[in-house]
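Residues per chain, in single letters:
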Amino acid sequence: MLLQTPLKKEDLLKLEVGDAVYISGEIITARDAAHMRILEFFERGEELPFELNCSVIYHCGPIIKKNHEFKVISAGPTTSARMNPMTTKILEKVDCLAIVGKGGMSDEVVEALKGKGVYLAYPGGAGALAAKAIKKVRAVYWEDLGMPEAVWVFEVENFGPCIVGIDAKGNSIYKKVEKVVEENFKKLKSRL
């Protein structure tokens with residue numbers, strides 16, 4: 001399925017764990033420091049310089065080269081679990097969101113995504129592949145945080161493949177895999 005930004009909530013609600021998704025339009029990168037700054041803006045009641053509602057947040061610290069314009073060299077995902085505590089608070093203020101990253105997120109984030117968003121897994125180690133889908137750097141915010149932590153706004157075309165790891169119904173592929181591994185471990189242990 002192709003997701004076009006700005007996202008439509010009804011499109012996110014249709015997605016199910018395991019679905020393959022590609023994204024075209026605009027995505028926003030954000031890591032730890034950017035998430036903390038977003039929350040600071042919320043606490044002060046200030047408007048963000050970019051739109052989060054109906055958007056895609058990509059947990060990514062890109063490598064960017066600048067000559068006359070920005071060129072993305074690599075844009076692989078970073079581990080999403082680091083953003084767990086901040087993501088639940090962000091989801092209190094945002095009604096429609098897709099998060100892209102690697103490794104999954106906490107049960108609290110699974111709960112917070114219900115009815116409003118999804119988590120899309122992007123393959124780790126595929127930063128060069130991701131860079132090919134990035135057609136343009138539209139903007140950069142908070143450069144004082146450093147290249148990997150700044151918020152980059154990318155125009156992408158057929159960014160993916162992303163796999164729905166957590167859907168808006170509260171299903172998590174990570175929990176399913178964990179359960180199977182646990183059952184297999186018990187079987188193995190009982191044979192010893």
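That block above? That's the structure.
Summarised in this report is the structure supplied together with it. (Residues numbered from 1 in each chain as written. Predicted model: local features only at pLDDT ≥ 70, side-chain atom pairs only at ≥ 80, totals over all residues. Heavy atoms only, no water.)

Describing the packing of aromatic side chains
Evaluation of the coordinates by the stated rule reveals eight aromatic pairs. Relative to F159, the ring of Y58 lies with its centre 5.2 Å away and its plane at 70°, an arrangement referred to as edge-to-face. Here F159 lies in strand 9 (residues 151-166) and Y58 lies in strand 3 (residues 55-58), a separation of 101 residues in the sequence. Judged by centre distance (6.2 Å) and plane angle (65°), the ring pair of Y119 and Y174 falls under edge-to-face. Residue Y119 is located in strand 7 (residues 117-121), and its partner Y174 is located in helix 6 (residues 173-191); the two are separated by 55 residues in the primary sequence. Among the aromatic residues, ring-to-ring pairing joins F41, F50, Y141 and W142 into one connected group. R44 extends its terminal NZ or CZ atom over the ring of F41, reaching a point 5.1 Å from the ring centre. (Phe/Tyr/Trp six-rings, centres within 6.5 Å; stacked < 30°, edge-to-face > 60°. Helix = DSSP H or I, 4+ residues; strand = E, 2+ residues; numbered from the N terminus. Lys NZ or Arg CZ within 6 Å of the ring centre and 35° of its normal.)

Considerations on the side chain of E149
Mapping E149 onto the fold places it in the loop between strand 8 (134-141) and strand 9. Side-chain polar atoms of E149 contact the backbone nitrogen of D32, separated by 3.4 Å. In this structure the side chain of E149 is engaged in a polar contact, spanning 3.0 Å, whose partner is the backbone nitrogen of A33. (Polar contact = N/O pair within 3.5 Å; in protein donor to acceptor, adjacent residues only side chain to side chain.)

Focus: helix 3 (residues 84-93)
Inspection of helix 3 places N84, M86, T87, I90 and L91 among the buried residues, and these make up the whole buried set. End-on, the buried residues of helix 3 take up no more than an arc of 150°, which puts them together on one face. When the buried face of helix 3 is taken as reference, the exposed residues oriented beyond 90 degrees from it are P85, E92 and K93. Against helix 2 (32-44), strand 6 (97-101) and helix 4 (107-113) lie the buried residues of helix 3. (Buried < 20%, exposed > 50% of the residue type's maximum accessible area, 1.4 Å probe, protein only. Arc of directions from axis to C-beta. Contact = heavy atoms within 4.5 Å.)

Here we look at the pairing of strand 3
Side-chain direction in a regular strand flips from residue to residue, so the side chains alternate between the two faces of the sheet. Of the two faces of strand 3, both are covered, the one formed by S55 and I57 as well as the one formed by V56 and Y58. By the bridge criterion, two bridges tie strand 2 (residues 20-29) to strand 3 in an arrangement that is parallel. Residue pairing for strand 3: I28 is matched across the bridge by I57. With four bridges joining them, strand 3 and strand 6 adopt parallel strand pairing. The residue of strand 6 that forms the bridge with Y58 is V100. (Pairing = 2+ DSSP bridges.)

Structural notes on the nonpolar core
Inside soluble globular proteins, nonpolar side chains tend to come together where they are buried. Ranked by internal contacts, the top residues of the largest apolar core, which has 34 residues, are I23, Y58, V100, L120, F154 and F159. Elements with a minimum of two residues in this core: strand 2, strand 3, strand 6, strand 7, helix 5 (127-133), strand 8 and strand 9. Ranked by residues supplied to this core, first place goes to strand 9 with six residues. Contacts of L120, omitting those with residues within four sequence positions, involve L3, V21, I23, A98, I99, V100, G101, C162, I163, V164 and G165. Counting residues in each nonpolar core, the second largest holds 26 residues, with I28, F41, I90 and V110 among its members. (Core = buried A, V, L, I, M, F, W, Y, C linked by side-chain atoms within 4.5 Å.)

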